[in-house]
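Each chain, letter by letter, is given below.
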Amino acid sequence: MAGHKRRLDDGASVQKSKKTKLSSDQSEKKAHKRDPVPSTSAMTLEEIDFPRGGGTTLTPLEVKTIRAEAVKEADQELFAVIKRKQRKSDVKGKATEPGIEKKDALRVEHLNYKRLIPGMRVLGQVMSIQPLAIVVSLPNQLFGHVPITQITSQFTERLESTNDVEDVELDDDKSDSSTQVPDLTDLFHVGQYVRAVVINTHTPGTTDVTGLGRVRDDAVKASRRVELSLLPEKVNTAVRKLDLKVGHSLSAAVKSIEDHGYLLELGVFGISGFLSFKEAHGSGSEGSRLQVGALIHVSVIKMSSNGRICTLTNDPDVLVSSSISEVTNFSSVLPGSLVQSLVTAVVPDGLNLQILGFFDATADEFHLPNPPKSLKVGQKVKARVLYDLPGTTPPRFVVTLAEHHIKLQPKCASEGQLLYAAFPVGAVLDSVKVRRVEAERGLVVEIQSDQEGFVHISHVSDEHVSTLSPSSGPWRVNSFHKARVIGHHPFDGILQLSLRSSILEQRFLQAGQVQVGEILKGMVKQLTDSALFVSISGNVDGVIWPVHYADITLKHPSKKFKVGGNIKCRVLTVDPERNRIVLTAKKTLLNTTFPILASFSDATVGLLTHAVIFRVTDKYLMVEFFNNVKAVVPAREASETGAKLTDVYAPGKVIKVRIISVHPEAQRIVASIRQAASSFTLGVTDISGVLIGDIVEGAVTQLHKLNVVLSLKPSDVRALISFSGLARHWNTTVPELKTSLKPGASIASLVVVSRNPEKSFVVVNGFSKSDRQKKATLSMDNVTVGQIVGGRVTKYARYGAHIKLTTRISGSLHPTDTSDDYETGNPFPAVDSVLRAAVVGIDKASNHLFLSTRASRFSPNDAKQPVDREVNSIDDLKVGDTVRGFIKSVAEHGLFVMLGRGIDARVQIRELFDEYIKDWKGRFVVNQLVRGRILNVDTANKKVEMTFRSGDLTRAPPNSMTLSDLREGQKVVGRVKRIEQYGIFIEIEGSKISGLCHKSQASYQFALSDNKDADVTIALRTFREGDRVKAFIISRDLEKKQLSLGLKPSYFAGDEDEVESDAEHPQDNKLGVANDVKTRSLDGSDPDEHPDDSDSEEEELLTVGDEYDDNDVDDIDMQVDLAPPDPIDSPKLQGGQDTDVPSLKVDGFQWFVDDTRPYEESGFQSDSSDQSDSEEISVEKKKRKRRKEIEMDITADMQTKLPDSNADFERTLLGSPNSSYLWIQYMSFQLQLSEIDKARAIGKRAIQTIHFREEQERLNVWIALLNLENVYGTDATIEAVFKDAARHNDSKTIHLRLAAIFDESQKYEKAEEQYKRTCKKFGQSSKVWTLFCEHHLRRQQVEDARKLLSRALQSLEKRKHLKTISKFAQLEYKLGDTERGRTIFEGIVDSHPKRWDIWSIYMDMEARKGDIQHLRNLFNHVLAIKMTSHKAKTFFKKWLDLERKLGDEEGAMVVKQKAIEWTQLAAEVA
């Protein structure tokens, strides 16, 4: 029955009869008996047990019972066969447990490089983070690396987006996070566990394609053999939806950042992960946001109802405790998964376990608990999966039971330190105990009770050892040895040791063990032209640069240093990261008895030590101590004789110096050679007690040409004050002061305005006698309103400038309290500027004062009537008052204007202009000075309404003209409302009445005749909607409410232009923006000055040096700027011809010469002589002449006046279609009418109309469009115009022009981005880098500007290097640090002494600074070089001119004498 049921079960499940397991004889007999039986009879007999469809008649319980019986019978037969084959000794050696008797123990295998095959998944630990790769420690002392492109797919996409220049240019709409790629150190940390999959293996010695570069670390070198990937789609490729249950942990990549959390890429088909901010950063705060592309380890919390979204957490505690209990298949078990395991066997090399109730697993001795616990068969323990053994059937895993693996923490020593900190490389262990011997691998030794080490068989002895014995020999079990740490295996938590005597005897194993300043003895390993290499210990080498061969420069170093010879040297610098040691063989440094200055913290004022000069200039020396610590020695501290530094000192010279000042913030040390002399009496003046703003007094010690030297009391600090400043202080003149002032005179009531710690002096200035107040006595108890105080501007806030008065007292200066006249004052003083102010308010609770710099506050009795009165309260304002203020903010509904401290006025949109302005925000900026009238004052609510509109404040209703008010023959003014094929609809001004001018009544554009046969269709084309026209009322129909108008010239014969006067609204009283006052920036500078300065400086750069770029396309020196048009008054709109149309600013073009319109220069002046002879001619001649006069007057008027309507512009452009000036004026005219879209359309039409050969004219229009979009458009529109312009013009020119436009409009961030794009695209252009540097320097970004030079030299051709360096030096002179520019020029002329053009530029830069002494040194230097007489004549002539301008007659005579001597010497040589 059992056999019958098994066949039914087999047939039901496999649809094929399964043979019953019988003996071989019985099976043969049965097979023989079945041979003659037809198959059809067998099917018929058992047809009931094989129904159609492969079903069965048994119940599920019966099927399960039958399967269990079948498995039991099969196991009994299988084990019976195995028992017969086993020897008796094996049977006796078997365990007595019944479960183990039936099964062999699994062999515990170790992982090695040969078993690592592609596709294998393994758990690893981050050991080292390189710039382009991650070094991972793997189980069993193996290493692998993860390339930067195998982190996550999202991270790789971000890398590609930064490298692809075209993507950066075309995809500017990406977020900042997509362009700023984080470093690998931001995504990973040392000791982090990662799940990885092997993607490739390399044999030792193959070409390095890993991105790790040249390294000396053995572990990093070994990691090159195995290439890993962390991509979730590769690691989690076998995971299914059903596996994602609560507690399942896996790797995930951050795909995007949403409103409430992160969307993660799991690598599982058909499902996405979500990590909320609360889970990611905790409930307290969001913390540091995760980067897009970051790899994180997460655990499943729950699944959504639709099975598409998996909610995850990255809580470390949850990840450590998360475990899995079931999976769909064996490939779903990921490395790092925590599982419950059952010990099935204890073997010498480890354990056999069963995980997940089915799969076999092993754990080697390196991954067992330490100290080992008493693990028994049948015991349940927690284990973490390390990797799966490929090619095993059934599948088998390798797990770990080590405590640090279970907790996912790095292995620590007994003191809680990490392994590399507790046992650094090179540490010597006196006694280690051999705990276990692996015959072919090495020794496992015990260092401490909880710490093991591994000695590879190659490091057991210096001699070759083929095998090890655990019971005999010097390395048997329980033997003790002396060992040395040569490496770490972080994953296994063991040390890599060596017992070799050669390694034990080595003094150093790595550069980090060498101490700076230590004296070593080494062997010369190699001598090259650039360096001397010294072998210090084993594979640790050092390098000696030629400047450190000896105290003097060696011409033939090979005579002193022989390969293999011994050498004594001192360690100069140590770089552990690069494993580099720099040595010195200078005898002075070897025998020095002074302290070794090896770090900035060791530098103390007064310290005496030795240093080496590495740079010499005329102004200072740069010296170097040990470990790259540098200092500067000013010229005054280098020599007491005043000799030229370049004549006395040379690079490489060892000098004795004394530290005179240390600046920790700037990491700057100032040293002195003069004060290091034994004859010098140490007396360094400390100025730390004198602060900016202190009130001091002192005595005169010296009188210089421009300054007075003082000695402050009682600190004896040296101070400087100019003669002019002292004259103002004493209310006298400079000549009188110079004659009366003598050394020893006492001067009081001086304020410190700046400090120079390097030179140990301060700069002071004086107060007038009427306001001398000492800052030291200023306190909240004695301060009074009206008191004069001094302070320094520190920052800006909404209430104005923040002034620091003392360490505890601060003040605020409101913009309305800065001056009695806002136009002439400085409402926004520069940061760090020192000023005096009067106290107008006191807040003792917060130690705060309210200040004012108004002249009326300083001298109330002597002050004039203020132009802008002081508004202290809302009661000071009355309806109708005209006041001025500063724009506080630009809101959606209008403006807020600051009128006084705490008093703001609102200006609604309808109160800004007399007419409708569409884009009104572009007309106003914060801190802009405006004028308006008070419209309403609400004292109760403290609200003020203000208006910029002219006219009556009662807001009377507009004029309501009706059709009955008009009469036939009346002449009216209107605007073109609509244009049809049959005529023009005109809306009359001041009403809503519209009339029709039929085409038979329209005028012809140039003929100006009433000829009925004229083609009026062309005339209709000259009109545009919105044109202002004069019309004649032909007829009206009150019943039909129709109005017929005419525009023929004959209707207006004899009429004169009616131009309304602006007398009622003079320019001085114009409301709205105060045009005559420039908007000042917060640093006190004038933004309108920058473009002019940049142009002039760029022009000077071009004149003093070579061209920017020889082979680059010349950039057009033209700048188009669409400044916001001024507010338009209604009288000017009606003035027609006198309307002031704001033009587009185009630098490089001069549209108007001497403030005269070009149309007025062209000679087409209106001739008024035709109007003087009307009385002497007969009536008939008068009539004929009058018709002609009408023609002449209109034609002349059209040619002499500026176009003031669309029709006028269209007529003018018909004659000059290629004039960019006219097209740009047409665009500006539309902007005045707030027709932004029409201005764009006109610009595009201009580009299509202007002939393609007129490249300059087309370029002007393109730049005008860029300016238009910059002011009125969006980022998308300006980008679209920019791309079109770059395609149709020289691309580099457009790139630079857009950057300049952003710069001028103070959009500095966009300008910087544009410069970066330009540098990437045109990196071969010297001009691009120079302009980018100038941009940084103008924004005071000195460090960013200086970093560009090295980047530029990497991108540019070598022939352009010298020119570029010269340009950067010129910019340093003009916008940066003069000393740095001087240093750069010194380097150029030293390396290229016969580049006379560079010498000339250098001299011109010095001439700008007015330093005649340095100029004299330059001329002496250049004239000492051999040159032609013609070139020498040029230099002498230049020198003579400069002496006459900057020097004196004595200097001019010296130049002439030197010229004679040079000529005589040249003649003698010839």
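Calculation notes
- Residues numbered from 1 in each chain as written.
- Predicted model: local features only at pLDDT ≥ 70, side-chain atom pairs only at ≥ 80, totals over all residues.
- Heavy atoms only, no water.
- Helix = DSSP H or I, 4+ residues; strand = E, 2+ residues; numbered from the N terminus.
- Buried < 20%, exposed > 50% of the residue type's maximum accessible area, 1.4 Å probe, protein only.
- Areas by Shrake-Rupley, 256 points an atom, 1.4 Å probe, with all protein chains shown as cover.
- Pairing = 2+ DSSP bridges.
- Axes fitted to C-alpha atoms, helices over the stretch in contact; angles between N-to-C directions.
- Contact = heavy atoms within 4.5 Å.
- Expected span 1.5 Å × (residues − 1).
- pLDDT = per-residue confidence, 0-100.
- Core = buried A, V, L, I, M, F, W, Y, C linked by side-chain atoms within 4.5 Å.
- Salt bridge = Lys/Arg side-chain N within 4 Å of Asp/Glu carboxyl O.

Thoughts on the overall build of the protein
Now for step 1: Counting secondary structure elements, the protein contains 43 helices and 54 strands.
Now for step 2: Here the protein, with 1470 residues, has 45% of them falling under the buried criterion.
Now for step 3: Carbon and sulfur atoms form 50% of the exposed surface of the protein, whose accessible area is close to 76,600 Å².

Notes on the sheet that holds strand S36 (residues 761–766)
Now for step 1: Taken in spatial order, the five strands of this closed barrel run S32-S33-S34-S36-S35, and their pairing is mixed. Geometrically, the sheet is characterised by an average inter-axis angle of 55° between neighbouring strands, direction not taken into account.

What to know about the environment of Asp938
Now for step 1: You can see Asp938 is positioned in strand S45 (residues 929–938).
Now for step 2: In this structure Asp938 comes out as partly exposed when scored by relative accessible area, which is 26%.
Now for step 3: Taking the C-alpha atoms as reference points, Asp938 and Asp875, 63 residues apart in sequence, are found 9.7 Å from one another.
Now for step 4: In this structure, Asp938 is in contact with Ile874 and Lys943, ignoring residues within four places of it in sequence.

Notes on the pairing of strand S42 (residues 882–890)
Now for step 1: When S42 meets S45, the two strands line up antiparallel, connected through five bridges. Each residue of the ladder has a partner; that of Val883, found in S45, is Gly932.
Now for step 2: Judged from the four bridges that link them, S42 and strand S43 (residues 894–900) form a sheet pairing that is antiparallel. Residue Ser889 lies in a different strand from S43, and its bridge partner there is Phe896.

A look at helix H35 (residues 1308–1321)
Now for step 1: For H35, spanning 14 residues, the distance from its first C-alpha to its last is 20 Å, which sits close to the expected 20 Å at 1.5 Å a residue.
Now for step 2: All of the buried residues along H35 are Ala1311, Glu1312, Gln1314, Tyr1315, Arg1317, Thr1318 and Cys1319.

With respect to the confidence of the model for the protein
Segments scoring low in pLDDT should not have their predicted coordinates read at a detailed level.
Now for step 1: For the protein, mean pLDDT is 77; residues scoring 70 or higher make up 77% of the total.
Now for step 2: Across the protein, the element-wise mean pLDDT spans from 33 in helix H26 (residues 1130–1134) up to 93 in strand S4 (residues 193–201).
Now for step 3: Low confidence marks residues 87–102, where pLDDT is under 50. Its contacts with residues over four positions away, or in another chain, come to eleven contacts.
Now for step 4: In the predicted structure, residues 1056–1068 sits below a pLDDT of 50 and forms 16 contacts with residues beyond four places in sequence or in another chain.

Comments concerning the sheet that holds strand S38 (residues 800–804)
Now for step 1: Within the closed barrel, the five strands sit side by side as S37-S38-S39-S41-S40. Their pairing is mixed. Strand-to-strand twist across the sheet, computed as the mean angle between neighbouring axes with direction ignored, equals 50°.
Now for step 2: Examined bridge by bridge, strand S40 (residues 834–843) and strand S41 (residues 848–852) share five bridges and lie antiparallel to one another. Across the sheet, Gly841 pairs through a bridge with Phe850, a residue of S41.

A short note on unusual backbone geometry
Now for step 1: Cis geometry is found at the peptide bond from Thr393 to Pro394, where omega equals -5°.
Now for step 2: In this fold, Pro394 is placed in the loop between strand S15 (380–389) and strand S16 (396–400).
Now for step 3: Positive phi outside glycine occurs at Leu356, with the angle close to 55°.
Now for step 4: Relative to the helices and strands, Leu356 resides in the loop between strand S13 (350–355) and strand S14 (359–364).
Now for step 5: The buried category is assigned to Leu356, whose relative accessible area is 17%.
Now for step 6: Of note, the phi angle at Asn927 is positive, near 75°, even though the residue is not glycine.
Now for step 7: On the secondary structure map, Asn927 appears in the loop between strand S44 (903–908) and S45.

What about the nonpolar core?
Now for step 1: Ranked by internal contacts, the top residues of the largest apolar core, which has 55 residues, are Leu116, Phe188, Leu264 and Leu266.
Now for step 2: Those residues in contact with Leu266 that sit more than four places away from it in its chain are Pro232, Asn236, Leu244, Leu250, Ser251, Ala252, Ile271, Ser272, Gly273, Cys310 and Leu312.
Now for step 3: Phe1368, Phe1385, Ile1388 and Val1422 belong to the second largest nonpolar core, which has 52 residues in total.

As for the side chain of Glu945
Now for step 1: When you line up the elements, Glu945 lands in strand S46 (residues 943–947).
Now for step 2: The class for Glu945 is buried, based on a relative accessible area of 16%.
Now for step 3: Leave out the neighbours within four places in its chain, and Glu945 touches Arg906, Gln908, Arg933, Ile934, Leu935 and Asn936.

A look at the pairing of strand S17 (residues 428–438)
Now for step 1: Pairing geometry for S17 and strand S20 (residues 480–489), over four bridges, is antiparallel. Within S20, the position partnered with Val428 by the bridge is Arg484.
Now for step 2: With five bridges joining them, S17 and strand S18 (residues 442–448) adopt antiparallel strand pairing. Residue pairing in the sheet places Arg436 in a bridge with Val444 of S18.
Now for step 3: Between S17 and S18, which follow one another and run antiparallel, lie three residues.

Remarks on the pattern of salt bridges
Now for step 1: What the rule picks out here adds up to 42 salt bridges.
Now for step 2: Taking the shortest distance from any N to any O, the salt bridge between Glu1279 and Arg1317 comes out at 3.2 Å. With Glu1279 in helix H33 (residues 1275–1288) and Arg1317 in helix H35, this pair connects stretches of sequence that are 38 residues apart.
Now for step 3: With a relative accessible area of 15%, Glu1279 lands in the buried category.

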